[in-house]
Amino acid sequence: MIIKQALISVSDKTGIIDLARKLTHYGIKIISTGGTAKLLNEAGISVIEVSNYTGFPEMLDGRIKTLHPKIHAGILARDDFPDHQQALDQASILNIELVIVNLYPFRQTIAKQNSTLSDAIENIDIGGPTMIRAAAKNYQKVAVITDPLDYSLLCDELEASNKSINSATRFKLAQKAFAHTASYDSAISNYLTALDENFLHKDFPESLHLNFNIAQNLRYGENPHQKAAFYRDSIITSGGLGSYQQLQGKELSYNNIADTDAAWECVKTFDKPACVIVKHANPCGIAISESVLNAYQLAFATDPVSAFGGIIAFNRIIDKDTAEAILKQFVEVIIAPEISPEAQQLLLQKNNIRVLMVPLQTESSIYDLKKVNGGLLVQTPDFSNITAADLTIVTKVKPTAQQLDDLLFAWRAAKFVKSNAIVFCRNGQTIGIGAGQMSRIDSARIASIKAQQSGYTLTDSVVASDAFFPFRDGLDVVVQAGATAIIQPGGSIRDDEVIAAADEQGISMIFTGIRHFRH
């Protein structure tokens, strides 16, 4: 398919002048719309304005430019269909073999803080998607480019193939074009259906369209008999795992990605240098300290047995000393916002370790999603991080300043432990974690056993419970283990009974007024 005529109409004009120059170098005629045509003319590139080509002026403030038979017949005609070619000849219409179009910046417009519905409506492209879809439909005879990153691919093929684009490339570009318009329409639908009758924003759209692009096929899913792939959100948000850069190591597995996400979301909520170690979706060690090395050592010490083959996350740069310490254990994935060159060099000693970097940004998604058979659960992310000002002391004994710091740390740690969650802490370190039990009492007992196995006594520890104690028995278990201060949401019909039990045993207890179930 030799390209003789191209149509260019782009909102994002990145690289378009250089591309147009190359097209004219190959003798390809260019048809272009108002703003793009003006830019190319000013750059000394010969173009035919759409209005001159169609013989019909742009109108309605540019809403009508390319919606004309001379444009769409030229794109949609098959030159291998005799009746198509005959129809074009009778109407004096030439084939358009190349369409280079990108769309009005709808997403960028609605992302602006002061954007209005009127702004959004004016940035809904009509002619652009129509041309893209027409060209993609007729990929057998037309190449369509929607992404400036593909300009170099186009030029390489034109150079290598004497002004032609091979069928495999045309089909790939068509696939990308349909995905592009689908994503664009999804953004419009999500935005408009999230407005109520008064044009105010609702929490959730009536119709939720999700757009993800495949990043890689995985060796298998949670188990070897399951197939799996990893898809990235088409709108990459800095700070989420989807924006990771892998510096070394084997490909990530399904379970690696799931566990790394759990570790990363936890570690980035801490202000001090922090380390989180996750195994099978649950933290097995969390610590904060004045250095990442010490935070790592404390987190690892929480449960060295479970940390074997775990995921290690940091919220600060990994330095040489920390890398040396990590190399003494078996680890699947390391993730941090930055890794020093010296640390990178050291970690290459074990080149199978997956080492990832992700920008440190705490809020990185709009919705949390969970698939169920036949449906999708959608919620806003749990970004709640309480401070001392949010707490209510409900017991006669008040927590000390150190206990208060540890209680806040324990509460933040419990937020990322599967419910029912009981977390014992002391001096900015988890020392016993009980996760995912049907009974809160069992979680408390498991946390106590874990602490003992790692050589810790729970004397003078603090405890966080992700939800309220429904009876005093759960409180009795953690106090008998050695806890002297407790943080929990409150809200049980037996709160008075639980508070009385705490007073009876001479400990302090704080209510947060908010729970952190994690399923």
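Refer to the structure printed above.
Residues numbered from 1 in each chain as written. Predicted model: local features only at pLDDT ≥ 70, side-chain atom pairs only at ≥ 80, totals over all residues. Heavy atoms only, no water.

S.K.: Sorry, what's going on with the overall build of the protein here?
M.R.: A count of helical and extended segments in the protein gives 19 helices and 21 strands. Against the compact-globule benchmark of 24 Å for 519 residues, the protein has a radius of gyration of 30 Å, which places it well outside the compact range. On the principal axes, the C-alpha backbone points of the protein span a range of 95 × 60 × 45 Å. Across the 519 residues in the protein, those meeting the buried criterion constitute 47%. The contacts in the protein between residues at least 6 apart in sequence include a share of 56% that link residues at least 24 apart. When the accessible surface of the protein is totalled, it reaches about 25,000 Å², and 52% of it is carbon and sulfur. (Helix = DSSP H or I, 4+ residues; strand = E, 2+ residues; numbered from the N terminus. Rg over C-alpha atoms; globule rule 2.2 N^0.38 Å. Buried < 20%, exposed > 50% of the residue type's maximum accessible area, 1.4 Å probe, protein only. Contact = heavy atoms within 4.5 Å. Areas by Shrake-Rupley, 256 points an atom, 1.4 Å probe, with all protein chains shown as cover.)

S.K.: Teacher, can you tell me more about the sheet that holds strand S3 (residues 48–49) here?
M.R.: Backbone hydrogen bonds hold the strands of a sheet together, and the pairing may be parallel or antiparallel. Spatial ordering of the open sheet is given by S3-S2-S1-S4-S5, a layout of five strands whose pairing is parallel. Edge positions in the sheet fall to S3 and strand S5 (143–145), since each has one partner strand and no second. For strand S4 (residues 98–101) and S5, the ladder comprises three bridges, and the chain directions are parallel. In the sheet register, Leu 98 faces S5, and the bridge partner there is Ala 143. (Pairing = 2+ DSSP bridges.)

S.K.: Would you take a moment to explain empty space enclosed by the protein for this structure?
M.R.: Using a probe with the size of a water molecule, rolled over the atoms, empty space left in the structure can be pinpointed. Following the criterion strictly, the structure yields one cavity of 30 Å³ or more and no others. The volume enclosed by the largest cavity comes to roughly 40 Å³. For the largest cavity, the full set of lining residues is Arg 219, Tyr 220, Glu 251, Leu 252 and Ser 253. Of the residues that constitute the lining of the largest cavity, the class distribution is two nonpolar, one polar and two charged. (1 Å grid on protein atoms, 1.4 Å probe; cavity = no way out; pocket = protein on both sides within 12 Å on 5 of 7 lines; lining within 4 Å. Points joined across faces, edges and corners; volume = space filled by probe spheres on them. Nonpolar A, V, L, I, M, F, W, Y, C, P; charged D, E, K, R; others polar.)

S.K.: Where do I start with the packing of aromatic side chains in this structure?
M.R.: Taken as a whole and judged by the stated rule, the model has nine aromatic pairs. On the basis of an interplanar angle of 70° and a centroid distance of 6.4 Å, the ring pair of Phe 106 and Tyr 184 is categorised as edge-to-face. Highlighted residues: Phe 106 in helix H6 (residues 106–111) and Tyr 184 in helix H10 (residues 167–192), separated in sequence by 78 residues. Take Phe 106 and Tyr 184: they sit in the same class, and that class is buried. Among the aromatic side chains, those forming a connected cluster through ring pairs are Phe 106, Tyr 184 and Tyr 191. Above the plane of the ring of Tyr 53 lies Lys 70, whose end atom (NZ or CZ) is 4.8 Å from the centre. Over the ring of Tyr 244 we find Arg 232; its NZ or CZ atom is 4.7 Å from the centre of that ring. (Phe/Tyr/Trp six-rings, centres within 6.5 Å; stacked < 30°, edge-to-face > 60°. Lys NZ or Arg CZ within 6 Å of the ring centre and 35° of its normal.)

S.K.: I tried to follow the pattern of salt bridges on my own but got confused; where do I start?
M.R.: Any two side chains of opposite charge can pair, given that their charged atoms come close. Tallied over the entire structure, the rule returns 13 salt bridges. Each of the salt bridges in this network shares a partner with another, and the network as a whole consists of Asp 147, Asp 150 and Lys 176. (Salt bridge = Lys/Arg side-chain N within 4 Å of Asp/Glu carboxyl O.)

S.K.: I tried to follow the layout of surface pockets on my own but got confused; where do I start?
M.R.: Estimates place the volume of the second largest pocket at around 870 Å³. Residue lining of the second largest pocket: 25 residues in total, with Arg 107, Asp 147, His 180, Ser 183 and Ser 234 positioned closest to the centre. For the lining of the second largest pocket, the elements supplying multiple residues, two or more each, are H6, H10 and strand S7 (228–233). Taken together, the residues of the lining of the second largest pocket break down into 10 nonpolar, nine polar and six charged.

S.K.: Looking at this structure, how should I read the state of the cysteines?
M.R.: Here a disulfide denotes a covalent bond joining the sulfur atom of one cysteine to the sulfur atom of another. As enumerated under the stated definition, the model contains zero disulfides in all. The thiol of Cys 275 is unpaired, and the distance to the nearest cysteine sulfur, on Cys 284, comes to 9.4 Å. The exposure class of Cys 275 is buried, given its relative accessible area of 0%. (Disulfide = S-S within 2.5 Å.)

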